[in-house]
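Geometric and topological summary
One letter stands for each residue in the lines below.
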Amino acid sequence: MNATLGYGLVLGALVCAAFGAVIGLTSGLRQSEAGSQWVRRAVWGFFACMAGSNLMMVYSLVTDDFSIKYVAQVGSRATPLTFKIVALWSALEGSILFWGLIMGTYLLAFMLVHRNEHRRYMSLALGTMLGVGVFFAFLIAGPANPWQTLAQVPADGPGPNPLLQNHILMVVHPPMLYLGYVGMVVPFGIAVAGLLRGEIGDAWMAPLRRWILIPWTFLSVGIILGSWWAYAVLGWGGYWAWDPVENASFLPWLTATAFMHSTMVQERKQMLKLWTMSLALASFVLTILGTFMTRSGIFNSVHSFTQSDIGPTFLVFIALLLVLSIALLATRGHLMVPQGQITSLVSRETSILVNNLVFVAITFTVLLGTLYPLVSEAVRGVRVSVGEPYFNKMAVPGGIAVLFLMGVGPMLPWGTPNKDALRRQFIFPAATGVVVAAICYAVGMRGFYPLLTFGIAGFVTFITLRELVAPVRVRMTERKEGLGTALIQSASKARRRFGGYIVHLGIIIIIVAVAASSAYVKHTNGTLKIGEVMKLDGYQLKYLGTAQGQEPHRSFVAARVEVTTPSGKVEEFQPRLNYYERSTDPVGTPAVRESPKEDLYMSLMAFSQEGTTASLNVWVFPLVGWIWYSIPILVLGALISLWPSRRRVAVASSTPEAAGAAPVPGSDMNRGAA
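Only a predicted model underlies this, so the values are computations on that prediction, with no experimental measurement involved.

What the protein contains, in helices and strands, is 19 helices and 10 strands. Of the roughly 27800 Å² that the protein leaves accessible, carbon and sulfur atoms contribute 64%.

This is the structure in structure tokens:
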């Protein structure tokens, strides 16, 4: 009964998506509003069917309905309730079903937010998004059907992948990534609608900027949480290894970041229109490519799913997206004629353009290194390995260049600069960077790239903090002088710029933490007997023996380690190995002593049967925790940039665009935060 109802709802979502896509695109191309109501009903139907099917699957997992093949594959009576729910996205079929729910939610949210706006574009945009929904609904109904049933019902199941139920981060990490991935369908639909119409006005650019910032934020948080999960669970003493599936999430993040900077030039100088649309389309295509890489099983990765039959279907869809995107850019691109031009090489628009080129160069480098082994094997029959040295050698200089441009861009004016004023603005940030690098060298830090990174970070931080004051001054002036509604947009843009600079601070923190934890990590390993001591960077680790325990879904063996810190404080930590009933290999849980300065990271590798000896891997990572501490800073900056101004909404509601007439030039996202 559950399987029949769940599958029926998937078929209902497929019908709604197909109907809405056809009606939306045909009525939009004919510039008729007759079908808009039917498109909205189709969005409601798609969302309701996907939500219902997901709820049925969660119910089946929680009630251990092993007659359903997917539940028998990932369910278990011993699995705690939280991880039973998490099992929804723990394997291929369930993750695609969950993907459909998120897509339905995004489409519904977009429709409700803009239900009284942009009527010339909405049918085309929603029709395009529902067209993508057709593909995923077809995938769920066919090659990735989670509702298949079993003739012989097993008494129990194996439970989710042990790696996925070994840490609470798996409750939030995959949904964050999915919200980032799936959310790219909205800017894709908006961009396609604009290209089909042959125009991208400021009023239509506003939702495009906003709706790419939303998934960008989720994707940023998801990537950081994923690195934290790898650090906290896998026990290898790291958080990023240029794994193909890690790269799959990084690629659309790069192009989406480039897009958000490019829109500032388009809004201010009416330039880079076609380039901006290309980045919006590329971000979505890269998310689909990343989904293919994750779920086709073509890569060996702790993040990827097993071999599946959906690979060819995804390749066809990717090919269709590429053909559609290239055709739209080729046939409609000439309508997006730039109205401005670069008047000086030393200007903000030039720095943003260079910034974009660097982001694209990094994207191409990562994409090439990720796909080259597959291409080599397919063409020559030889499997080659492209590892961390290649990515670091190619991407690290680009990352430093991006960091430098984060400081240069805001310091430069639009158009031709005043050289004397520019020189004065440059002196104090440059001096700050030199002082920071000198201090780092004086305290014993060495290495060209790390010192360069810290110096540039000081330079950029000074400029960012200085620029953060500008929106505050605008607000204070507005309140003091009682400015009218004509300047409300300027204040709103200042607020968005303020949020952008907060995001920049978060990025600076991440880059500094990555540089410090990579360049100055300390490591040792060894096998200790009870009472023996291991030393590393001022820490003393004394092995006290083992401890064993049993939990509902696993047993564990932990090494009891007494840690004496450089300050003399004594604490006990227990790195452990977890044993799952239906898994042959143990899954480790490192013990981490966290502090803002550094982390002491201990991983249990092996132990004797009697517990008299234990083999430990130990690292000291400077500043590594600041990678995760950056999450609230990034989210805060994004929320400030996204938060609507009540006064501005009131002004916008009285414009002709709000009633579906001609667009009104308007909002911006994080303008000036280059």
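A word on the confidence of the model for the protein. Low-pLDDT stretches of the model should not have their predicted coordinates read in fine detail. On average, residues of the protein carry a pLDDT of 85, and 90% of them reach 70 or more. The spread of mean pLDDT over the elements of the protein runs between helix H19 (residues 646–652), the lowest at 44, and helix H2 (residues 36–62), the highest at 95. Contacts for the low-pLDDT stretch residues 302–306, under 50 throughout, to residues beyond four places or in other chains number 23 contacts. Every residue in residues 647–674 is under pLDDT 50, and counting partners more than four places away or in other chains gives 86 contacts.

Right, let's talk about helix H6 (residues 119–141) for a bit. Its 23 residues place the ends of H6 32 Å apart at the C-alpha level, agreeing with the 33 Å of an ideal helix rising 1.5 Å per residue. H6 sits mainly inside the fold: 18 of its 23 residues count as buried.

As a rule of thumb, nonpolar side chains are buried together in soluble globular proteins. Ranked by size, the top nonpolar core spans 162 residues in total, and within it Phe 110 and Phe 136 carry the most contacts. At 17 residues, the largest contribution of residues to this core is made by helix H9 (residues 202–234). The contacts of Phe 110, once residues within four sequence positions are left out, are Met 122, Ala 125, Leu 126, Met 129, Val 186, Ile 190, Trp 204 and Trp 211. Within the second largest apolar cluster, 19 residues are counted, among which are Tyr 539, Ala 614, Leu 616 and Val 618.

What follows concerns unusual backbone geometry. Although it is not a glycine, Trp 242 adopts a positive phi angle of roughly 55°. By the secondary structure assignment, Trp 242 is in the loop between H9 and helix H10 (244–269). Trp 242 gets classed as buried once you look at its relative accessible area, which sits at 12%. Positive phi, normally seen in glycine, also occurs at Asp 537, with a value near 50°. Along the polypeptide, Asp 537 turns up in the loop between strand E2 (533–536) and strand E3 (539–551).

Time to look at the packing of helix H8 (residues 185–197) against H9. With their axes 8 Å apart at the nearest point, H8 and H9 run at an angle of 160° to one another. On the basis of their axis angle, the class for H8 and H9 is roughly antiparallel. The hand of the H8/H9 crossing is left-handed. Residue-level inspection shows Val 186, Pro 187, Ile 190, Ala 191, Ala 193 and Gly 194 of H8 in contact with H9, the latter providing Trp 204, Pro 207, Leu 208, Trp 211 and Ile 212.

Using the criterion set out here, one finds 34 aromatic pairs in the structure. Note on Trp 99 and Phe 136: the rings are 5.2 Å apart at their centroids and 20° apart in plane angle, and the pair reads as stacked. Here the residue Trp 99 occupies a position in helix H5 (residues 92–113), and Phe 136 occupies one in helix H6, the gap between them amounting to 37 residues. The rings of Trp 89, Phe 98, Trp 99, Phe 135, Phe 136, Tyr 178, Tyr 181, Phe 314 and Phe 317 are connected pair by pair, giving a single aromatic cluster. Between the NZ or CZ atom of Arg 197 and the centre of the ring of Tyr 121, over which it lies, the distance is 5.7 Å. Here the guanidinium or amino end of Arg 576 rests over the ring plane of Phe 556, the centre of that ring lying 3.8 Å away.

Further remarks concern the packing of helix H1 (residues 2–29) against H6. Two elements in contact, H1 and H6, have axes separated by 7 Å at closest approach and are oriented at 150°. Here H1 lies roughly antiparallel to H6, going by the angle between them. The handedness of the crossing between H1 and H6 is left-handed. Each residue belonging to the contact of H1 with H6 can be placed in one class, and the counts come to 17 nonpolar, nine polar and no charged.

Right, let's talk about the environment of Pro 552 for a bit. Assignment of secondary structure puts Pro 552 in the loop between E3 and strand E4 (554–564). Along the chain, Pro 552 and Arg 77 lie 475 residues apart, while their C-alpha atoms are 9.7 Å from each other.

This brings us to the pattern of salt bridges. Close approach of charged atoms allows side chains of opposite charge to pair. One pass over the full model with this rule turns up eight salt bridges. For Arg 77, the salt bridge identified is with Asp 64, shortest N-O distance 3.9 Å. Pair noted here: Arg 77 is in the loop between helix H3 (69–74) and helix H4 (81–86) and Asp 64 is in the loop between H2 and H3, with a separation of 13 residues, a long-range link. Relative accessible area serves as the criterion here: at 13%, Asp 64 is assigned to the buried category. Put simply, Asp 420 and Arg 423 hold a salt bridge, and the shortest N to O gap is 2.9 Å. Taken as a pair, Asp 420 and Arg 423 lie in helix H15 (residues 419–442) at a separation of three residues, close to a single helical turn.

Here we come to the pairing of E3. Bridge analysis of E2 against E3 gives four bridges, and the strand direction is antiparallel. Bridge pairing links Lys 535 to Gln 540 in E3. Here E3 runs beside E4; their pairing, made up of 11 bridges, is antiparallel. Each bridged residue has a counterpart across the sheet, and for Gly 545 the counterpart in E4 is Arg 560.

Moving on: the sheet that holds strand E8 (residues 591–593). In space, the four strands of this open sheet follow the order E1-E10-E9-E8, with antiparallel pairing throughout. Of all the strands in the sheet, the pair left with one neighbour each is strand E1 (522–529) and E8. Within the sheet, the average angular offset between the axes of one strand and its neighbour, ignoring direction, is 20°. Of the strand pairs in this sheet, strand E9 (residues 598–607) and strand E10 (residues 613–622) are connected by nine bridges, and their pairing is antiparallel.

Scanning the entire structure with this criterion turns up zero disulfides. Cysteine Cys 16 remains unbridged, with the sulfur of Cys 49 as its closest cysteine sulfur at 4.8 Å. Looking at Cys 49, the relative accessible area reads 14%, which means it is buried.

Right, let's talk about the side chain of His 553 for a bit. With respect to the helices and strands, His 553 occurs in the loop between E3 and E4. Taking relative accessible area as the criterion, His 553 reaches 16% and is therefore assigned buried. Each residue touching His 553, except ones within four places of it in the same chain, is listed here: Ala 78, Thr 79, Pro 80, Gln 165 and Tyr 580.

Turning to the side chain of Thr 263, a few remarks are in order. Within the secondary structure layout, Thr 263 lies in helix H10. Given a relative accessible area of 0%, Thr 263 falls into the buried group. Contact partners of Thr 263, with chain neighbours within four places excluded, come to Met 205, Arg 209 and Thr 276.

A word on the pairing of E2. Side chains Met 534 and Leu 536 project from E2 onto a buried face, and the interleaved Val 533 and Lys 535 project onto a face without burial. Counting the residues in the hairpin turn of E2 and E3 gives two residues, including Asp 537, whose phi is positive at 50°.

Let's shift gears to the environment of Leu 101. By secondary structure assignment, the location of Leu 101 is in helix H5. Taking the relative accessible area as the measure of exposure, Leu 101 reaches 19% and is therefore buried. Along the sequence, Leu 101 and Gly 52 sit 49 residues apart, while their C-alpha atoms lie 8.9 Å from each other. Each residue touching Leu 101, except ones within four places of it in the same chain, is listed here: Met 50, Ala 51 and Asn 54.

Here is what the cut-offs are and how they apply
Residues numbered from 1 in each chain as written. Predicted model: local features only at pLDDT ≥ 70, side-chain atom pairs only at ≥ 80, totals over all residues. Heavy atoms only, no water. Helix = DSSP H or I, 4+ residues; strand = E, 2+ residues; numbered from the N terminus. Areas by Shrake-Rupley, 256 points an atom, 1.4 Å probe, with all protein chains shown as cover. pLDDT = per-residue confidence, 0-100. Contact = heavy atoms within 4.5 Å. Expected span 1.5 Å × (residues − 1). Buried < 20%, exposed > 50% of the residue type's maximum accessible area, 1.4 Å probe, protein only. Core = buried A, V, L, I, M, F, W, Y, C linked by side-chain atoms within 4.5 Å. Axes fitted to C-alpha atoms, helices over the stretch in contact; angles between N-to-C directions. Parallel < 35°, antiparallel > 145°, perpendicular 65-115°, else oblique. Left-handed = near helix turned anticlockwise from the far one by under 90°. Phe/Tyr/Trp six-rings, centres within 6.5 Å; stacked < 30°, edge-to-face > 60°. Lys NZ or Arg CZ within 6 Å of the ring centre and 35° of its normal. Nonpolar A, V, L, I, M, F, W, Y, C, P; charged D, E, K, R; others polar. Salt bridge = Lys/Arg side-chain N within 4 Å of Asp/Glu carboxyl O. Pairing = 2+ DSSP bridges. Disulfide = S-S within 2.5 Å.

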